[in-house]
Amino acid sequence: MKLLKPSWVTHDGKPIFSVDIHPDGTKFATGGQGEDSGKVVIWNMAPVLREDDEKNENIPKMLCQMDNHLACVNCVRWSNNGLYLASGGDDKLVMVWKKAAFIGPSTVFGSSSKLANVEQWRCVTILRNHTGDVMDVAWSPHDVWLASCSVDNTIVIWNARKFPEIVTTLKGHTGLVKGLTWDPVGKYIASQADDHSLKVWRTMDWQLETNITKPFNECGGTTHVLRLSWSPDGQYVVSAHAMNNSGPTAQIIERDGWKTNMDFVGHRKAVTVVKFNPKIFKKKQRNGNAPRPSCPYCCCAVGSKDRSLSVWLTSLKRPLVVIHDLFDKSIMDITWTLNGLGVLVCSMDGTVAFLDFSQDELGDPLNEEEKNTIHQNIYGKSLAVTMETQLSTTVIENPEMLKYQQERQAAQSAIIAQATGPDNQTPKLANVVNGESLEDIRKNLLKKQVETRTADGRRRITPLCIAQLDTGGNPSVNSAALKSNLLLTSASKIEPMKALDSRFTERSKPAPGVTTSPMFSVCVRGKEASGHKDWKVKEDTSSDSEDKGTQRIPPLAKRKADMDGVEVVEKRKKGRPRKDTKIMMNTPILMEKETSRLPAPVAVLKLPTPTVQKSFSLQVGTDPVTYVEVENEVSVVAGARISQLRCCREKSEWDIVLPSRIVLTAGSSDVVAVACEDRTLSVFSASGRRLIPSIMLPAPMSALHCSAFFVMALTASATLSVWDVQKQVALVKNESLNSILSGTEATVNQCVLTEQGVPVVGLSSGKTYCFSPSMETNLIVDKQDSLVQCADFRNCISSLGALGATGPLAITQGRNLSAGQLASRLSSAPHHLQQGMTLAFLENQLCSSLLLLSANEYRHWLLIYTRFLVSEGYEQRLRELCKDLLGPVHKSSSTSWEPKVLGLRKRDLLMEVLPVVGQNLRFQRLFTEYQDQLELLRLK
């Protein structure tokens, strides 16, 4: 590694608060204090990289100086495409600069002619909205948005494609906001403020994702900036100015659950700036050795008020290098070259330093394809950005499609207007250069061109020479620059450090007798420091000989979701005769006229049974309100214990007498069912008329439920039966629950009978099953916590459906899975896993609604499922869904397509689905195809 401090990079002794290297690596910008204004300077990178170029007087060092800011400049940032430079300052303004072409030479105001600007950079847009000093600016990936933060406690998101349009203003900090960073794909933006908090915001709805305060509670005092940084793999955010056990740290926040278990430890004063290397590295292969797979890792530079700089690799257990007393004052900003091998640092003392690493020290950078693969594994494709980029020039071919697109844009505009408010609207500013608009300059130049016509009528334009920049052939900076290439050997203030293990310790105490600098390390929060206590975050079983005994933290290890194992539902035994869904009630019937009770068959009891009470009363119906009162053993006749039941419904009452003690009762608006101690089940009408003879059950009753004319009985031997007493058919006959209870300690804790007569059984393990008579098997219909905890479909819920649909599925799952209840569950899973689990959850909800015969819930989840398919780009699934809803266009005797599902016409559902499809231009061909088919059917 080489270190140099180019003394010719200066703001005439004034502080330099920010530095940023251009994406092409040919230049860099600095921002800070000028003589009586803010100063932005663009410098040539070549004299920094090569000593020969520095000595060559024909190679300019300063390229352009801009003094437009009225006060100190706190931040300068190049756009990702390198076309623009954004700067923010104490004058509350954000200025966007662009290189001007075909403009005459200019000089730095107030200087001699020798200080000519080699390049012309002009302010093309001034962004006015903040009411306080602008502390930081940041371009989003793909340059879709520009974010700025201020001491007015807000973050403003600007539309970078339509300056000065404001997308939204993020409010929530209660202190000065001093740092911003985007994640690598633009899904989140993080901000840090003096209110001792770090907030992560979602870009899909600009709402707060998480608020992290614990690592900053101990922080005292303040720093001029709080420049945090997001790792290039997207898995870590590292903050500035955190504290652990009263020691200054840089807090490491994991994207997986926003955990704060680790931090960079060792700086003696508050950390002011953190900057990740844009490259992801892998271990460099030794010559002659066969390539071995290794976990990728990241590189991070940390600067502090203690004037020192530390550089970390996430594959080492100590910093790669620490440079003490690099400056005379606090470090203010850090920037890396795009190739990842050079880092430029600026300080409040008005100087900069450049560190030049080799690949032997950092490793081999991953290529873009490998990097994109990592991003897709964590996030999936950034559809919001890629679709906007790809579809911005798409021609809308269908007028209906145009209507839905306009409705979508109007809705988005309304959301933006609501978020920003009237106070945040700013008038659009013309792009002005020296008092003249760029458009006027272009027109004037065109007027000067000489145009002639040839004999054959062709136009010929005589080239017009436009004055080039006059550099005077003399560089405009101090040529007596001091450049010191210091090789890192054993310099006292430059310490090469030991390797960093994935088993981290608390902030290490100085070893006895050592009084030099504190030990730099990554620590675990909340544990006592005791040398090097081991703790595991992730384990790497790398067997490299030079790293023996050292476990590593691969920051890019794919995280596996902690998913519950799904119980396998046993199939019914082969050979059992299958009949129609509704089979006759071939159940043992006990005639009313009996002299003695039948002996009970021996059954293995698996489920609890209620105890027999002397008397009890309960409500068994709500529409109308129905109460039953039971009095057991009112008399004993011929050894039989006579019991009495009284039913009160509205203004009517009726009584019945049964020859055994009553154990359970249940009722609905149509029937009342009574289970007795002698294993008999009796069913009566709403007026007390017996509907069927007593049913003899195979075992004592465990649970009894009624719905409409349906009666469900669950026995202690874990058998389930459902009857339709109106039609006198058995829907489910003595179905054993052994398949769902065997091998577990779970027991039944919930039973539900839907209005359509579908039985649902919930277990203490959280699983819920529904028996399908047509398929003759138990099917899982629970909410599957492992899926719902990662499912993110809030954007797919319409305002009308935000409360969710009511029905047996919602009752079974215990709650409506609305948007607000999922807000805290977005975080931990990588996008591709979250996407897959959301898809699985929605399809499970759709199938469960179908199984439970719940039409209202089926329609509700169908529309949510469609919106998710449209937003995530699942074209094949979407086409298959539309095909099923449309059915055959021409009648055919061989088709098995049913025109209705749960009483809903499928083509009516398709008419509801198509407007959702029409909101995505990617599917306009599919939209047009099915719209035409529906129109053809309508005309028929």
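Remember, predicted model here, so these are calculated numbers, not experimental data.

Regarding the overall build of the chain
Looking only at helices and strands, the chain has 16 helices and 58 strands in total. A burial count over the chain gives 53% of its 940 residues as buried. The long-range share in the chain, meaning contacts at least 24 apart out of those at least 6 apart in sequence, stands at 58%. In the form shown here, the chain has an accessible surface area of approximately 43900 Å², with 51% of it arising from carbon and sulfur atoms.

What to know about unusual backbone geometry
In this structure, the amide linkage connecting F163 to the following residue, P164, adopts the cis form with an omega of 0°. Here P164 shows up in the loop between β12 (154-159) and β13 (166-171). Its identity is not glycine, yet N734 carries a phi of approximately 45°, on the positive side. Relative to the elements of secondary structure, N734 occurs in strand β52 (residues 729-736). In this structure N734 comes out as partly exposed when scored by relative accessible area, which is 32%.

Side note on the environment of E218
Here E218 is to be found in the loop between β17 (208-212) and β18 (229-230). Accessibility expressed as a relative area gives 42% for E218, which makes it partly exposed. In the structure, E218 is positioned 29 residues away from G247 in sequence and 9.2 Å away in space, judged by C-alpha atoms. With near-sequence residues (within four places) excluded, E218 lies in contact with M243, N244, N245 and S246. At 2.9 Å, the side chain of E218 forms a polar contact with the backbone nitrogen of S246.

Considerations on the packing of helix α13 (residues 855-872) against helix α14 (residues 875-886)
Their axes nearest at 9 Å, the elements α13 and α14 cross at an angle of 145°. At the point where α13 passes α14, the crossing takes the left-handed sense. Along its contact with α13, which presents L862, Y865, T866, L869 and V870, the element α14 presents R877, L878 and L881. Counted by class, the contact of α13 with α14 contains six nonpolar, one polar and one charged residues.

Considering the packing of helix α15 (residues 906-917) against helix α16 (residues 924-939)
Taken N-terminus to C-terminus, the directions of α15 and α16 make an angle of 150°; their axes are 10 Å apart at the nearest point. As the angle between them shows, α15 and α16 are arranged roughly antiparallel. The handedness of the crossing between α15 and α16 is left-handed. Between α15 and α16, the contacting residues are R907, L910, M911, L914 and V917 on the first element and L926, F927, Y930, Q931, L934 and L937 on the second. Residues belonging to the contact of α15 with α16 are distributed by class as follows: nine nonpolar, one polar and one charged.

What about the layout of surface pockets?
When its volume is computed, the second largest pocket comes out at roughly 1400 Å³. Looking at the lining of the second largest pocket residue by residue, the classes come out as 21 nonpolar, 17 polar and eleven charged.

What about the packing of aromatic side chains?
Under the defined criterion, the tally for this structure stands at 16 aromatic pairs. Between W145 and W206 the ring centres are 5.0 Å apart and the planes differ by 80°, which places this aromatic pair in the edge-to-face class. One end of the pair, W145, is in strand β11 (residues 145-150); the other, W206, is in the loop between β16 (197-202) and β17, with 61 residues separating them in the sequence. In this pair, the class of W145 matches that of W206, namely buried. The ring of W8 carries the charged tip of K61 above its face, separated from the ring centre by 5.8 Å.

Re the confidence of the model for the chain
Scored by pLDDT, the chain has a mean of 75; 69% of the residues are at 70 or more. Contacts from residues 423-438, a stretch scored under 50 in pLDDT, to residues over four places away or in other chains number 31 contacts.

Quick look at the UniProt feature "repeat: WD" (unreviewed entry) in the chain
In this structure's numbering, the residues bearing the UniProt feature "repeat: WD" (unreviewed entry) are residues 66-98, 127-168 and 170-201. Annotated as residues 170-201, this span is 0% helix and 59% strand, and its ends, taken at the C-alpha atoms, are 8 Å apart.

Section: the pattern of salt bridges
Going through the model one piece at a time under the given rule, you end up with 24 salt bridges. D136 serves as the salt-bridge partner of R227, at 3.4 Å between the closest nitrogen and oxygen. Here D136 lies in strand β10 (residues 134-139) and R227 lies in the loop between β17 and β18, a separation of 91 residues in the sequence. Notably, a salt bridge pairs D306 with R268, separated by 3.9 Å at the nearest N-O pair. Residue D306 is located in the loop between β25 (299-304) and β26 (309-313), and its partner R268 is located in the loop between β22 (262-265) and β23 (271-276); the two are separated by 38 residues in the primary sequence. The partly exposed category is assigned to R268, whose relative accessible area is 43%. Beyond isolated ion pairs, a larger network of salt bridges with shared partners links R77, D136, R227 and D333.

Let's talk about the side chain of N632
With respect to the helices and strands, the residue N632 is situated in strand β42 (residues 625-637). On the basis of relative accessible area, N632 is assigned to the buried category, the value being 1%. Only 2.9 Å separates the side chain of N632 from the side chain of S643, close enough to count as a polar contact. Setting aside its immediate chain neighbours within four residues, N632 contacts V612, Q613, K614, F616, I642, S643, R661 and I662.

Let's talk about the nonpolar core
The tendency in soluble globular proteins is for nonpolar side chains to be buried side by side. With 43 residues, the main nonpolar core has L910 and V917 as its most contacted residues. Broken down by secondary-structure element, the contributors of at least two residues to this core are α6 (399-420), α12 (831-851), α13, α14, α15 and α16. Tallying contributions element by element places α13 first for this core, with nine residues. L910 has contacts with C882, L885, L886, Y930 and L934, leaving out every residue within four places of it along the chain. With 37 residues, the next largest nonpolar core counts F28, A138, W206 and V352 among its residues.

What about the sheet that holds strand β7 (residues 84-89)?
Within a sheet, each strand pairs with its neighbour through backbone hydrogen bonds, oriented either parallel or antiparallel. The four strands lie next to each other as β6-β7-β8-β9, forming an open sheet whose pairing is antiparallel. Pairing within the sheet leaves two strands with one partner each, and these edge strands are β6 (73-78) and β9 (121-128). Going across the sheet, the axis of each strand differs from the next one's by a mean of 20°, ignoring polarity. The sheet contact formed by β6 and β7 spans five bridges and is antiparallel. Within the sheet, the bridge partner assigned to V73 lies in β7 and is G89.

Some details on the pairing of strand β14 (residues 177-182)
For β14, a buried count of six out of six residues is recorded, marking the element as mostly surrounded by other parts of the structure. Note: β14 against strand β15 (residues 188-193), five bridges, orientation antiparallel. Its bridge partner being in β15, W182 is matched across the sheet by I189.

Quick notes on the sheet that holds β42
Strand order in this open sheet of four strands is β41-β42-β43-β44, and the pairing throughout is antiparallel. In this open sheet, the two strands that pair with only one neighbour each are β41 (615-622) and β44 (652-658). In this sheet, neighbouring strand axes are inclined to one another by 20° on average, regardless of whether the strands run parallel or antiparallel. The pairing of strand β43 (residues 640-649) with β44 spans seven bridges and is antiparallel. When the bridges of β44 are listed, S643 appears paired with L658.

Reading the values: the criteria
- Residues numbered from 1 in each chain as written.
- Predicted model: local features only at pLDDT ≥ 70, side-chain atom pairs only at ≥ 80, totals over all residues.
- Heavy atoms only, no water.
- Helix = DSSP H or I, 4+ residues; strand = E, 2+ residues; numbered from the N terminus.
- Buried < 20%, exposed > 50% of the residue type's maximum accessible area, 1.4 Å probe, protein only.
- Contact = heavy atoms within 4.5 Å.
- Areas by Shrake-Rupley, 256 points an atom, 1.4 Å probe, with all protein chains shown as cover.
- Polar contact = N/O pair within 3.5 Å; in protein donor to acceptor, adjacent residues only side chain to side chain.
- Axes fitted to C-alpha atoms, helices over the stretch in contact; angles between N-to-C directions.
- Left-handed = near helix turned anticlockwise from the far one by under 90°.
- Nonpolar A, V, L, I, M, F, W, Y, C, P; charged D, E, K, R; others polar.
- Parallel < 35°, antiparallel > 145°, perpendicular 65-115°, else oblique.
- 1 Å grid on protein atoms, 1.4 Å probe; cavity = no way out; pocket = protein on both sides within 12 Å on 5 of 7 lines; lining within 4 Å.
- Points joined across faces, edges and corners; volume = space filled by probe spheres on them.
- Phe/Tyr/Trp six-rings, centres within 6.5 Å; stacked < 30°, edge-to-face > 60°.
- Lys NZ or Arg CZ within 6 Å of the ring centre and 35° of its normal.
- pLDDT = per-residue confidence, 0-100.
- UniProt positions renumbered as here; feature names shortened; annotations may be inferred.
- Salt bridge = Lys/Arg side-chain N within 4 Å of Asp/Glu carboxyl O.
- Core = buried A, V, L, I, M, F, W, Y, C linked by side-chain atoms within 4.5 Å.
- Pairing = 2+ DSSP bridges.

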